[in-house]
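Structural features, examined
Listed here are the chains, written in short residue letters.
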Amino acid sequence: MAKLPLPGVRDVAPSETEAEVRRPTPPERGGVLKPAFFLTVLAIAAGLGLGVHLVRYAQIADAGQQQEASAGGERDPLTSRLYRLKPIVTNLTEPADVWLRLDAAIVFEDEMPNSDIVSAEISEDLLAFLKTLRVEQLEGATQLQHLREDLRDRVAIRSGGDVRDLIIESLVVQ
């Protein structure tokens, strides 16, 4: 078989000068490292500046809150008193064979001269409320949150606002 020459194909290899002209030049070593170094230094400086600014802002905000608390007569947590209630055990409305045990504590403002009387009234009110519950009202996190809010409201009403908080230590349904 005979070879036919293709039109436009050169049989001669390119000369060395043409090959050097066509070869791309390698990038300079400093050309890549200098911008990377500059951007790294810039990022570090921006991070440090933002960090210092946020720390100063937090200190100013904290000082302002402390000043408002002392001027506004806000309640001091160190003067609050914790009083544990006796465990409350009762059966539920539906089903009647399910029992509930509640261990709770109440937080009084300062010292109350009649704390024993108020805590007994609160226990009695909580017992009456817990007897009206059904098992469905205790299933799930949302239902327990609603129960906690209802108990806090009852405690606040019964104490006339003298109790700051109700802490549920344990709640057992059996």
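Everything that follows concerns the structure shown earlier in this document.
This text gives an overview of the structure that appears in the document. Only a predicted model underlies this, so the values are computations on that prediction, with no experimental measurement involved.

The peptide bond linking E94 to P95 adopts the cis configuration, its omega dihedral lying at -20 degrees. Looking at the element boundaries, P95 is found in the loop between β2 (88-91) and β3 (99-108).

Before going further, it helps to examine the environment of L144. With respect to the secondary-structure elements, L144 resides in helix α4 (residues 141-159). By relative accessible area, which is 37% here, L144 ends up partly exposed. In contact with L144, not counting residues within four places along its chain, are L138 and L171.

This part takes up the packing of helix α3 (residues 115-130) against α4. The N-to-C vectors of α3 and α4 enclose an angle of 140 degrees; their axes lie 10 Å apart at closest approach. Here α4 runs oblique to α3, going by the angle between their axes. The two elements α3 and α4 cross, and the hand of that crossing is right-handed. Two secondary-structure elements touch here, α3 through V118, E121, I122, D125, L126, F129 and L130 and α4 through L147, D150, L151, R154, V155, R158 and S159. Tallied by class, the residues present in the contact of α3 with α4 amount to eight nonpolar, one polar and five charged.

Turning to the pattern of salt bridges, a few remarks are in order. Side chains that differ in charge, positive against negative, can pair when their charged atoms come close. The tally for this structure, following the rule as stated, stands at six salt bridges. Note that R101 is salt-bridged to D103, the shortest N-O span being 3.4 Å. In this structure R101 comes out as partly exposed when scored by relative accessible area, which is 37%. Between R134 and E136 there is a salt bridge; the shortest N-O distance is 3.3 Å. Linked by salt bridges that have partners in common, D125, R154 and R158 make up one network.

Structurally, S119 can be placed in helix α3. Of the residues examined, S119 reaches a relative accessible area of 4% and is grouped as buried. Here S119 is in contact with Y83, L85 and I106, once residues within four sequence places are set aside.

What follows covers α4. The first and last C-alpha atoms of α4 sit 27 Å apart over 19 residues, in line with the 27 Å expected at 1.5 Å per residue. Regarding α4, the residues found buried are L147, L151, V155 and S159. One face of α4 carries all of its buried residues, which in axial projection span an arc of 90 degrees. In α4, the exposed positions that point more than 90 degrees away from the buried face belong to T142 and I157. Next to the buried residues of α4 lie β3, α3 and β4 (163-173). Backbone geometry just downstream of α4 places G160 in the positive-phi region, at approximately 70 degrees.

Conventions we followed
- Residues numbered from 1 in each chain as written.
- Predicted model: local features only at pLDDT ≥ 70, side-chain atom pairs only at ≥ 80, totals over all residues.
- Heavy atoms only, no water.
- Helix = DSSP H or I, 4+ residues; strand = E, 2+ residues; numbered from the N terminus.
- Buried < 20%, exposed > 50% of the residue type's maximum accessible area, 1.4 Å probe, protein only.
- Contact = heavy atoms within 4.5 Å.
- Axes fitted to C-alpha atoms, helices over the stretch in contact; angles between N-to-C directions.
- Parallel < 35°, antiparallel > 145°, perpendicular 65-115°, else oblique.
- Left-handed = near helix turned anticlockwise from the far one by under 90°.
- Nonpolar A, V, L, I, M, F, W, Y, C, P; charged D, E, K, R; others polar.
- Salt bridge = Lys/Arg side-chain N within 4 Å of Asp/Glu carboxyl O.
- Expected span 1.5 Å × (residues − 1).
- Arc of directions from axis to C-beta.

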